[in-house]
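This is what each chain is made of:
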Amino acid sequence: MRFFRAVAAVTAIGTVSASFQNNTYDYIIVGGGPSGIITAERIAEAGKKVLLLERGYGPTVSTGSNETLVWNNTLTGIDVPGLSGDIGSLPQWNQYVCTDTAGQAACVLGGGVTVNYMVFVHPPERDFNDKWPQGWKWNDVKSAASRLYERNPGSTLPSQDGELYDQALYSTLKAFFSNLGWTSVDMSEQPNEKYQVYSHPAWNIKDQKRAGPLRTYLPLAEQYDNFQLSMGTKVLRLMRTNGQITGVEVEFASGETEIITLPHHGRVLLSAGALSTPRVLWNSGIGRKAQLEVAQQSGINLPNEQEWIDLPVGEGLKDHPIFPFVVKTNGSFTIPDYPAIVNGSDTADISLYREGDGVLSQGKHRMIFFTANDVDGQTRYYQGSCAPSAENTVSITAYMTHGATSSGVLGLDVDGNTIFLKSPYLNTQGDQTAAQSFVQGLIDDVKTAGWELETYPNASSIIENYTQGVHWTSTAMIGIDDGRKLGGSSVVDLDTKVYGTNNLFIVDGSIHPDLPSGNIQATIMVVAEAAVARILAL
């Protein structure tokens, strides 16, 4: 039985493919994820002519999707918050996930925010004050955060009636953490509180639908005549003469290619994400020699070797490792009936959702907790995202976050895929010791409560079975230490301009010098707001 249906063709806000020969753009933005959409809208708002290029397609009716729910022809499964918990089962999933990146990444308009679990962690001040350079400390970016939250605040009470639903798991965990002496906080109103605290989840939801820049910024950009979006348009490389970008080579779904020329005053912004922005750089002759030679073998036509720009692209890759806990509790709760929601037979929940209320107005998780430990003089923070996975059973995805010292190296293979040359997970003794302490401590607390571990019965098995956090950062880091010089580790300067270039900028997770203290989407958006303001001021 088909639970999604095609609807009559809609007018999308972007073209699927287009010829750009007769157009001149002030800015070309590569990548229609959260960073790309925010920067494109702010640049168009400033009166500049901007072209946003996205290799994927739109996931909502207004952006061209016809995979609507059988019980509502204005909504796709992506839109409904209550379906986020089973998002990998939606028919669109395989269309939206990249096949050429080292780890999981989204190749769809809206980027990872389109396919995530919507947990929206306002970053604490320390996330910027620790390792971000001067000019990027919290006091420097808090106005950007305010601009973001004005449009895209997230919500701990997303239903229209202001009520939370299906709270049995929350009540069970509240009793558990309260017995440990932990404190209840509002994770959005108290973002600096990250030690032995728990909160109702803050979700990236607005008007009972999945939010993010696709819903909160893109419609604003669409109103400007100086804004253009082209979907199904993959950027292969940048054309350049020495440090001047002169054009962008793109490939359409048909396999045809085209070079979009850039006027001398024009600028290019890369916002393809920490796993794909490096590929565009390597294909454009920017990076370490070993990776540029691999790019040549893939068939890309690089600039002459004397024009290569030697920068540490791909070095310093970071991600949150996830430690999986599956715990049988003494509570009384279960999971939503996702197939019944999709096929329309869960009429009770669907009826509530039509009123803007009920469990479908919420995300997957029922509680988020935060804590920290100190090892080797380094404080490492942890986030736990708690969701029901079976009757009376909670799945806790626990991340090691801000303060982790492990990093890896991203590279390229001869087929043009990005790959891990070095894993970014748990490769320092400090991280390994801290992880053991955190995991064992939580296990001891679970057993003291009389609960049982399932799937992974001990600390060793939980740590050995860590998974990717999919919160990639640091493959083109920001800083004042020019990476072309001996000992330099930075790819972009404080204005996010790539060293050695005149008009190339990066605005996405790759420039972040460190991991945030939780899910990354809010931090990505704060940085995008701060970066575009700096770029426009140049």
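Residues numbered from 1 in each chain as written. Predicted model: local features only at pLDDT ≥ 70, side-chain atom pairs only at ≥ 80, totals over all residues. Heavy atoms only, no water.

(A) Layout of the UniProt feature "domain: Glucose-methanol-choline oxidoreductase N-terminal" (unreviewed entry) in the protein chain. With numbering aligned to this structure, UniProt lists the feature "domain: Glucose-methanol-choline oxidoreductase N-terminal" (unreviewed entry) at residues 273-287. Span residues 273-287 is 47% helix and 0% strand, its end C-alpha atoms 16 Å apart. (UniProt positions renumbered as here; feature names shortened; annotations may be inferred. Helix = DSSP H or I, 4+ residues; strand = E, 2+ residues; numbered from the N terminus.)

(B) Inspection of the packing of helix 5 (residues 138-151) against helix 15 (residues 521-537) at higher detail. For the pair helix 5 and helix 15, interaxial distance at closest approach is 8 Å and the crossing angle is 115°. Considering the angle they form, helix 5 stands roughly perpendicular to helix 15. As helix 5 runs across helix 15, the sense of the crossing is right-handed. Residues Val141, Ala144, Ala145, Arg147, Leu148 and Tyr149 of helix 5 lie in contact with helix 15, whose contacting residues are Ala522, Met525, Val526, Glu529, Ala530 and Ala533. Split by residue class, the contact of helix 5 with helix 15 holds 10 nonpolar, no polar and 2 charged. (Axes fitted to C-alpha atoms, helices over the stretch in contact; angles between N-to-C directions. Parallel < 35°, antiparallel > 145°, perpendicular 65-115°, else oblique. Left-handed = near helix turned anticlockwise from the far one by under 90°. Contact = heavy atoms within 4.5 Å. Nonpolar A, V, L, I, M, F, W, Y, C, P; charged D, E, K, R; others polar.)

(C) Focus on the UniProt feature "binding site: FAD" (unreviewed entry) in the protein chain. Cross-referencing UniProt, the feature "binding site: FAD" (unreviewed entry) maps to Val108, Asn116, Tyr117, Met118, Val119, Val235 and Gly509 in the present numbering. Spatially, the listed residues are scattered: they cover 402 residues, and their C-alpha atoms lie as much as 29.7 Å apart. Of note, Tyr117 is situated in the loop between helix 3 (112-115) and helix 4 (125-131). The partly exposed category is assigned to Tyr117, whose relative accessible area is 34%. Leave out the neighbours within four places in its chain, and Tyr117 touches Ser84, Gly85, Ile87, Trp203, Lys364 and His365. Within the element layout of this structure, Val235 appears in strand 11 (residues 233-241). (Buried < 20%, exposed > 50% of the residue type's maximum accessible area, 1.4 Å probe, protein only.)

(D) Examining the sheet that holds strand 20 (residues 408-412) more closely. One open sheet holds the 3 strands; their spatial order is 15-20-21, and the pairing between them is antiparallel. With partners counted over all chains shown, the strands left at the sheet margins are strand 15 (315-317) and strand 21 (418-422), one partner each. The sheet shows a mean angle of 55° between the axes of neighbouring strands, direction not considered. Note that strand 15 and strand 20 share 2 bridges and pair antiparallel. When the sheet's bridge partners are listed, Glu315 is paired in strand 20 with Val409. (Pairing = 2+ DSSP bridges.)

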